[in-house]
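What the coordinates show
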Amino acid sequence: MLATTFDPALLSFSGHETFILRSHWLKKAYDLLRTQPDLFFLEDAFVRLGVGKNMAHSIRYWGRVCHVFERSEDGASYRPTWLGDALLADDQGWDPFLVTPTSRWLLHWQICAGSAAVFTWFFTFNMLRRGEFSSSQLAQQVSHVLAQIGAKVPSAATLGRDIDCMLRCYVRPSATLRGAPLEESLQCPLHDLELIQILPGQGTYRLAGGAHADLPDQLVALAAWFQARHLGRATLAFNDLAYAERSPGRVFRLDEDSLLTRLLHMEQITQGQATFSESGGIRQLAWRNLEDAAYPRELLQAAFAQERHYV
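Below is a short write-up of the structure. Predicted model, so just to flag it, every value in this text is computed and none were measured.

Attention now goes to the overall build of the protein. A tally of regular secondary structure across the protein gives 16 helices and eight strands. Relative to its length of 311 residues, the protein is compact, with a C-alpha radius of gyration of 19 Å against a globular reference of 19 Å. Across its three principal axes, the protein shows a C-alpha extent of roughly 60 × 45 × 40 Å. Looking at the protein as a whole, 51% of its 311 residues are labelled buried. A total accessible area of about 14700 Å² is found for the protein, and carbon and sulfur atoms account for 49% of it. Here the protein holds 29 positive side-chain charges and 33 negative ones, and the gap between their average locations is 5 Å.

The subject of this paragraph is the pattern of salt bridges. In total, this model carries 10 salt bridges according to the counting rule given. A salt bridge links D192 to R104, with the shortest nitrogen-to-oxygen separation between them at 3.9 Å. Remark: R104 occurs in helix α6 (residues 101–112) and D192 occurs in the loop between α10 (182–187) and β4 (196–199); sequence separation between them is 88 residues. The exposure class assigned to D192 is partly exposed, which follows from its relative accessible area of 40%. Among the ionic pairs, R172 bridges to D192, the shortest N-O distance being 2.4 Å. With a gap of 20 residues between them, R172 in the loop between α9 (156–170) and α10 and D192 in the loop between α10 and β4 connect regions that are remote in the sequence. By sharing partners, the salt bridges in this structure join K27, D31 and D90 into a single network.

W62, I111, F119, W121, Y170, I196 and W287 are the most contacted members of the largest nonpolar core, which has 101 residues in total. In terms of residue count, helix α11 (residues 217–231) provides more of this core than any other element does, eight residues in total. The contacts of W62, once residues within four sequence positions are left out, are H16, F19, I20, L21, W25, L26, I111, W121, C165 and C169.

For strand β3 (residues 132–133) and strand β5 (residues 204–207), the ladder comprises two bridges, and the chain directions are antiparallel. Considered in β5, the bridge of E132 is made with R206. As paired strands, β4 and β5 are joined by four bridges and run antiparallel to one another. Its bridge partner being in β5, L199 is matched across the sheet by T204. From the end of β4 to the start of β5, which pair antiparallel, there are four residues, and G201 there has a positive phi angle of about 75°.

The next point concerns helix α8 (residues 135–148). When the terminal C-alpha atoms of α8 are compared, their 20 Å separation across 14 residues agrees well with the 20 Å that a helix rising 1.5 Å per residue should span. When α8 is considered as a whole, its buried residues turn out to be L138, A139, V142, V145 and L146. Buried residues of α8 fall within an arc of 130° about the axis and therefore sit on the same side. Exposed residues pointing more than 90 degrees away from the buried face of α8 are listed as Q140, H144, A147 and Q148. Trailing α8 by a residue or two, G150 shows a phi angle of about 75°, which is positive.

As a further point, take the packing of aromatic side chains. Under the definition given, this model contains 20 aromatic pairs. Look at F40 and Y78: their rings are 5.5 Å apart centre to centre, the planes differ by 80°, and that puts the pair in the edge-to-face class. With F40 in the loop between α2 (23–35) and α3 (45–49) and Y78 in strand β2 (residues 78–80), this pair connects stretches of sequence that are 38 residues apart. Owing to a relative accessible area of 10%, F40 belongs among the buried residues under this scheme. For the ring pair W225 and F226, a centre distance of 4.9 Å and an interplane angle of 90° mean the geometry is edge-to-face. Through a chain of ring-to-ring contacts, three or more aromatic side chains come together here, namely F6, F13, F119, F122 and F123. Above the face of the F6 ring, R246 is positioned so that its terminal group lies 5.5 Å from the ring centre. One cation-aromatic arrangement involves R283 over F238; the distance from NZ or CZ to the ring centre is 4.1 Å.

Here the focus is unusual backbone geometry. One non-glycine residue, E17, lies in the positive phi region at around 60°. With respect to the secondary-structure elements, E17 resides in the loop between α1 (2–5) and α2. E17 gets classed as partly exposed once you look at its relative accessible area, which sits at 33%. At H67, a position not held by glycine, the phi torsion is positive, near 65°. Taking the relative accessible area as the measure of exposure, H67 reaches 33% and is therefore partly exposed.

Turning to the sheet that holds strand β6 (residues 235–237), a few remarks are in order. As summarised here, the arrangement of the three strands in space is β6-β8-β7, forming an open sheet in which the pairing is antiparallel. Among the strands making up the open sheet, the edge pair consists of β6 and β7 (274–279). When strand polarity is set aside, the average angle formed by the axes of neighbouring strands in this sheet is 20°. Lying on the sheet, α11 is in contact with β6 and β8 (282–287); it crosses β8 at an angle near 85°.

Right, let's talk about the sheet that holds β4 for a bit. With antiparallel pairing, the three strands of this open sheet are ordered in space as β3-β5-β4. Strands at the two margins of the open sheet, each flanked by one partner only, are β3 and β4.

Procedures and definitions
- Residues numbered from 1 in each chain as written.
- Predicted model: local features only at pLDDT ≥ 70, side-chain atom pairs only at ≥ 80, totals over all residues.
- Heavy atoms only, no water.
- Helix = DSSP H or I, 4+ residues; strand = E, 2+ residues; numbered from the N terminus.
- Rg over C-alpha atoms; globule rule 2.2 N^0.38 Å.
- Buried < 20%, exposed > 50% of the residue type's maximum accessible area, 1.4 Å probe, protein only.
- Areas by Shrake-Rupley, 256 points an atom, 1.4 Å probe, with all protein chains shown as cover.
- Lys, Arg positive; Asp, Glu negative; His and termini not counted.
- Charge placed at Lys NZ, Arg CZ, Asp CG, Glu CD.
- Salt bridge = Lys/Arg side-chain N within 4 Å of Asp/Glu carboxyl O.
- Core = buried A, V, L, I, M, F, W, Y, C linked by side-chain atoms within 4.5 Å.
- Contact = heavy atoms within 4.5 Å.
- Pairing = 2+ DSSP bridges.
- Expected span 1.5 Å × (residues − 1).
- Arc of directions from axis to C-beta.
- Phe/Tyr/Trp six-rings, centres within 6.5 Å; stacked < 30°, edge-to-face > 60°.
- Lys NZ or Arg CZ within 6 Å of the ring centre and 35° of its normal.
- Axes fitted to C-alpha atoms, helices over the stretch in contact; angles between N-to-C directions.

Have a look at this one:
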């Protein structure tokens, strides 16, 4: 459960400076870091990035939780990750400007599948018990879980700002807050996923499940592979894949029928690395190898190659 998933001391509810993720930020920071590894330690980092000081801190935060760059071992610089290079490089990058559905779903998964620095996102998509919620209900549930595991409960104001930022990542400002910056409605890649919808006149939200036709099968396989790896089990039952934390069903909000349809083709999707079986009422997915560190890259490369094919 949660107590063994996260170190309570590492849970964070700030860092984004209340600014939502903006796709051009990741590319801009990535390009600068390639030649200026100490970018985020420079007094004029915000000038080089062309943003305000707090926005520069937010860019650093989002780059880390999206896993496109990371802090070096000596703590004195940042560097692109293999994913940052594969995704954002000008020459061979899969999608440098993050315009494809694959990029949007990938960023969502990176954020929501298990980083302690974005615990509100993780909780909402992995642990929230009901599909409908208000901001205050979500705050109460998060606080309750934190108290249960002995983690420090943030102030109501801090948690409220964190929840507000999470909601604005998925719900366009015109539907949430009058006077919100127009640029936010245009620049967050997570808006187009429509995973959180506001219920008109009620002040509440709902998580939107469904088939999500633009979600690549390879990302479903990727989530299932990492879930099995996290649990240390090569074989996962269908219920685990549909409802457990870090599962493709939970993180991507796939309904049972849609998830099952994808799992039935998993052997073809993974080129034989995974097999889905159904016998005696037992449905499960079995992986051949959870140790191949290069395999996630293969799945992602196939997903983005499919995007280029359709273009």
